[in-house]
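What follows is each chain in one-letter form.
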Amino acid sequence: MKDIPPGTVNPAVRNETVMEFLLTRRSRPAKTLRAPAPDRAELMPILTAATRVPDHGKLEPWRFIVLERDGLDRLAAAAASHADKTGMTADQAGKGISQFSESPLAVAVIRVPRSTEKVPEIEQILSAGAVGISLVNAALASGWGACWLTGWPAHDHAFATKALGLQPGEWVVGFVHIGSESVEPPERPRPDVASLITWAG
C-alpha cells in the first residue's frame, strides 16, 4: 500500500461493485421495456440519486415530470395531434407517438433557468444533463431497464411547452423511460479511450 500523505481524510479505496457497474452499464432500448415499472415509492430513491450531481451555486436548475400511464396516453394523443397539424411523415410521427404509447413509465427531465450572475448558463445546462445520465444509471442500478430519449417531442419547443405545461425558459433535457427488460441488450462498439486522451503532464 502506498504511504498515505499526512492530512489525508479518505485514502483511495476502490469500490469494485460500483466500478464494475459503471464499466459494464448499458442503456436498454426503449422499445424493449415493458411493465411493470417502478411505483412511486420505488421511484423516489431513483429520483433522489439522480439529483446527486454537480450543481454550482446549489441552484437546482432542473426538475422532473413523472409520466405514468394516464400521462403517457395523454402525451401520445397530443403527439399524434401535433404531428397531424404540422404535416409530419408517418415515420416521423410514429417515433414520437410510440415513445409515449409503448412506454411503461417515463420521466421528463426539465431544464429550469435560474437567474444569477454568479453561475453561467452553460453550467446550469450541464448540471441538467448530468441529472439525465444519473437518472438512467440510478434506474439501472436499481434493477430496472432504462433509456434516455429525445426526438422531436423533446426538441419541438411549442409541442413540449403545451403538452408538458413548461414555464418560460424551460425545455426538455430528455425523456428517461424506465421499465422491466424483455430481452438482454446486445453490447455495442465502445470508444477507443486511449485515442481520446491527451496527457498534459
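Here, the structure is the one placed above.
Note that the coordinates shown come from a computational prediction; the quantities given were computed from them, not determined experimentally. (Residues numbered from 1 in each chain as written. Predicted model: local features only at pLDDT ≥ 70, side-chain atom pairs only at ≥ 80, totals over all residues. Heavy atoms only, no water.)

Where helix α2 (residues 40-50) meets helix α5 (residues 121-141), the axes come as close as 8 Å, and the angle between the chain directions of the two elements is 140°. Here α5 runs oblique to α2, going by the angle between their axes. Classified by chirality, the crossing of α5 by α2 is right-handed. Of the residues in α5, those touching α2 at Ile46, Leu47, Ala49 and Ala50 are Val131, Ser134, Leu135, Ala138 and Ala139. Residues of the contact of α2 with α5, tallied by class, amount to eight nonpolar, one polar and no charged. (Axes fitted to C-alpha atoms, helices over the stretch in contact; angles between N-to-C directions. Helix = DSSP H or I, 4+ residues; strand = E, 2+ residues; numbered from the N terminus. Parallel < 35°, antiparallel > 145°, perpendicular 65-115°, else oblique. Left-handed = near helix turned anticlockwise from the far one by under 90°. Contact = heavy atoms within 4.5 Å. Nonpolar A, V, L, I, M, F, W, Y, C, P; charged D, E, K, R; others polar.)

For helix α4 (residues 90-101), spanning 12 residues, the distance from its first C-alpha to its last is 15 Å, which sits close to the expected 16 Å at 1.5 Å a residue. Where α4 is concerned, the buried positions are Ala93, Gly96, Gln99 and Phe100. Each buried residue of α4 lies within a common arc of 130° when the element is viewed along its axis, so the set occupies one face. Turned more than 90 degrees away from the buried face of α4 sit Ala90, Asp91 and Lys95, all of them exposed. Packed against the buried residues of α4 are β2 (62-67), α3 (69-86), β4 (145-149), α6 (152-155) and β5 (171-181). (Expected span 1.5 Å × (residues − 1). Buried < 20%, exposed > 50% of the residue type's maximum accessible area, 1.4 Å probe, protein only. Arc of directions from axis to C-beta.)

One finds Leu43, Ile46, Leu135 and Ile178 to be the most contacted residues of the largest nonpolar core, which totals 23 residues. If you list the elements that add at least two residues to this core, you get α2, β3 (106-111), α5 and β5. Per-element tally for this core: the top contributor is α5, with eight residues. Apart from residues lying up to four places away in sequence, Leu43 is in contact with Pro38, Val66, Leu105, Val107 and Ile178. Core analysis: the next-biggest nonpolar cluster, separate from the first, contains 22 residues, Ala108, Ile110, Ala160 and Val172 among them. (Core = buried A, V, L, I, M, F, W, Y, C linked by side-chain atoms within 4.5 Å.)

This model, assessed by the stated rule, comprises eight salt bridges. The shortest N-O distance in the salt bridge between Arg14 and Glu16 comes to 3.1 Å. Taking the relative accessible area as the measure of exposure, Arg14 reaches 52% and is therefore exposed. (Salt bridge = Lys/Arg side-chain N within 4 Å of Asp/Glu carboxyl O.)

Attention now goes to the packing of aromatic side chains. The final tally for this structure, using the stated rule, is two aromatic pairs. Ring geometry for Phe100 and Phe175: centres 5.1 Å apart, planes at 85°, overall edge-to-face. Of the two residues, Phe100 is situated in helix α4 and Phe175 in strand β5; the sequence distance between them amounts to 75 residues. In terms of burial, Phe100 and Phe175 fall into one category: buried. Both rings, one in Trp152 and one in Phe159, keep their centres 5.2 Å apart while their planes meet at 65°; by these two values the pair is edge-to-face. The residues Trp152 and Phe159 share a single accessibility class, namely buried. (Phe/Tyr/Trp six-rings, centres within 6.5 Å; stacked < 30°, edge-to-face > 60°.)

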